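Observations on chain architecture
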Amino acid sequence: MLNKLIFKYIGKVLIAFSILLLVPIIVSLVYSENILNFIVPLCVSLGLGILLNCSNSSKKTLYAKDGFIIVSISWILISLLGALPFWLGLDISFVDALFESVSGFTTTGATIFDDVESLSNSILFWRSFSHFIGGMGVLAFVMAVIPMSKDDKSMHVLKAEMPGHSVAKLVPGIKKTLFYLYGIYLGLTLIEFILLMVGGLDPFHSILISMGTAGTGGFSYLNSGLASFSLFNKYVVAIFMFLFGVNFNIYFLIIIMKDIKTALKSEELKVYILIYIFAVLFVLLNTYNMFSNMSEAFVNSCFHISSFMTSTGYSIGDVNIYPAACRIIVLFLMLVSACSGSTCGGFKISRLILVFKTIKRDLLKVFHPNSVHIITLGGKKVEEETVNATTTFLSLYIFFIIIIMILVSFDGFSFEVVINSVFTTFGNVGLAFEVGSFSIFSDFSTFIMSVGMLLGRLEIFPLIGLISSIRK
């Protein structure tokens, strides 16, 4: 049974979401485009939000399961409401509109549109804006601007939404923590926006690409991706994709705490950098002869590895030219992705480190049964509960990928198309081998992959928690 406190939280989220819908309305007015596409979801969101927010509850405490339920229902409702501008303004089915909406908010960037250049400016903005909203988390934004509960009881909501194996307050109070994180998020976005304009891009398109990069989303306003960008802007986007893949706690330590030494000791950051360097060199050595010069080959490798590894999905060329060895490396990057506490999707490097350390510990126990081995991450002991949760998450991650692959395979496409489409949607990447537009799939597969994107972005547990609560 869902208590009224949960409805009250969801109501606040919907009210905040209705306010965010004012931004694309302003864009529509600037470009003299139809605002009705956004007025309708705004009214629905605001009306439903006010109705739910009026719920009075004697319960004042939130538990972990409540956080899962709030996050799951909120994301489902926002995805449905976010689909309305596509459905009302374009000649597409609601399933396709939902796919595009989910792809936007989960920062996946996979699209059902064959010709994005035919879309209106307001729709293009809405696609990129959904990346920006979903990047740091919809509920994280709401908690940053609206008081949701006293004594930081809403920490369970933050933990249920923020990506990674753990979420902690950087300073006393969730609101202050989120204030700093959003300040860093907006600051990096603004810097990229300015640099793209310096590189010759106009303000409107600069903000679209900056929002897509910040949320590690990948919706482009060009059919050719970012292939026509200048060399300078290609490097700008590649660098900022990499930067948004870093745990934001690192930026907090460097910018706010001025503690560079501690930040650079991060084990996850070191592994992230090493994997990136290895992948770039590997792809470069296997593809340099496919380009006219080494400079072109280098920017291609740097850009696409940044894009795949951070689950952004931008492209500056045809990745289908990659040989099998490179594709295997890329598929691994698509699933693992970047750091916890970043705007990226995927399994996360911190969890990968924990999995390998757990395997090492268990192997040592086989040969030395009486020995004691403590698993650490970043110099700190990892509780056994966290280790077990990581192992469970890995099992569920693999399980759902297999299930979704089986369901999508009924469309009759080749194994490579199926595995790439599922990996890229579940990992919230968007860019895939052998798959351009996702309009090729049936409504059934499109819906299943939409569910997969939500599972991947919310990291499975919240949706399972919601289903478990409904069953009770």
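Described below are features of the structure shown in this document.

Rules and cut-offs
Residues numbered from 1 in each chain as written. Predicted model: local features only at pLDDT ≥ 70, side-chain atom pairs only at ≥ 80, totals over all residues. Heavy atoms only, no water. Helix = DSSP H or I, 4+ residues; strand = E, 2+ residues; numbered from the N terminus. Rg over C-alpha atoms; globule rule 2.2 N^0.38 Å. Buried < 20%, exposed > 50% of the residue type's maximum accessible area, 1.4 Å probe, protein only. Contact = heavy atoms within 4.5 Å. Areas by Shrake-Rupley, 256 points an atom, 1.4 Å probe, with all protein chains shown as cover. Lys, Arg positive; Asp, Glu negative; His and termini not counted. Charge placed at Lys NZ, Arg CZ, Asp CG, Glu CD. Axes fitted to C-alpha atoms, helices over the stretch in contact; angles between N-to-C directions. Parallel < 35°, antiparallel > 145°, perpendicular 65-115°, else oblique. Nonpolar A, V, L, I, M, F, W, Y, C, P; charged D, E, K, R; others polar. Expected span 1.5 Å × (residues − 1). Salt bridge = Lys/Arg side-chain N within 4 Å of Asp/Glu carboxyl O.

The helix and strand inventory of the chain stands at 21 helices and two strands. Its C-alpha radius of gyration of 22 Å places the chain within 12% of the 23 Å reference for a compact globule of 472 residues. Principal-axis analysis of the C-alpha atoms places the extent of the chain at approximately 60 × 60 × 50 Å. Counting across all 472 residues of the chain, residues that qualify as buried make up 56%. Sequence separation of 24 or more characterises 72% of the internal contacts of the chain that already satisfy a separation of 6 or more. As presented, the chain carries roughly 19,600 Å² of accessible surface, and 68% of it is formed by carbon and sulfur atoms. Separation between the mean location of the 30 positive side-chain charges and that of the 27 negative ones in the chain comes to 17 Å.

Within the secondary structure layout, Val283 lies in helix 14 (residues 267-287). Expressed as a C-alpha distance, the spacing of Val283 and Tyr322, which sit 39 residues apart in the sequence, is 8.0 Å. When near neighbours in sequence (up to four residues on either side) are disregarded, Val283 contacts Ser301, Ile305, Tyr322 and Cys326.

Moving on to the packing of helix 1 (residues 4-20) against helix 2 (residues 22-30). Helix-helix packing is characterised by the crossing angle of the two axes and by the distance between the axes. Two numbers describe how helix 1 lies on helix 2: the axes approach to 4 Å, and their chain directions differ by 15°. Of the possible angle classes, the one that applies to helix 1 and helix 2 is roughly parallel. Of helix 2, the residues touching helix 1 (which contributes Ser18, Ile19 and Leu20) are Leu22, Val23 and Pro24. Residues that form the contact of helix 1 with helix 2 fall into these classes: five nonpolar, one polar and no charged.

All right, on to helix 5 (residues 94-105) then. Along its twelve residues, helix 5 runs 16 Å from first to last C-alpha, staying within 8% of the 16 Å computed at 1.5 Å per residue. Burial runs high along helix 5: ten of the twelve residues are buried. All of the buried residues in helix 5 are Asp96, Ala97, Leu98, Phe99, Glu100, Ser101, Val102, Ser103, Gly104 and Phe105. Of the surrounding elements, those touching the buried residues of helix 5 are helix 1, helix 4 (64-89), helix 6 (121-136), helix 19 (415-426) and helix 20 (443-458).

Turning our attention to the pattern of salt bridges. Scanning the entire structure with this criterion turns up eight salt bridges. Between Glu416 and Arg327 there is a salt bridge, with its nearest N and O atoms 2.3 Å apart. Of the two residues, Glu416 sits in helix 19 while Arg327 sits in helix 16 (residues 324-336), which places them 89 residues apart along the sequence. Classification of Glu416 as partly exposed rests on a relative accessible area of 32%. Taking the shortest distance from any N to any O, the salt bridge between Lys348 and Glu459 comes out at 3.1 Å. With Lys348 in the loop between helix 16 and helix 17 (349-367) and Glu459 in the loop between helix 20 and helix 21 (461-471), the pair connects residues that are 111 residues apart, well separated along the chain. One exposure class covers both Lys348 and Glu459, and it is buried. One salt-bridge network, held together by shared partners, links Arg327, Glu416 and Glu434.

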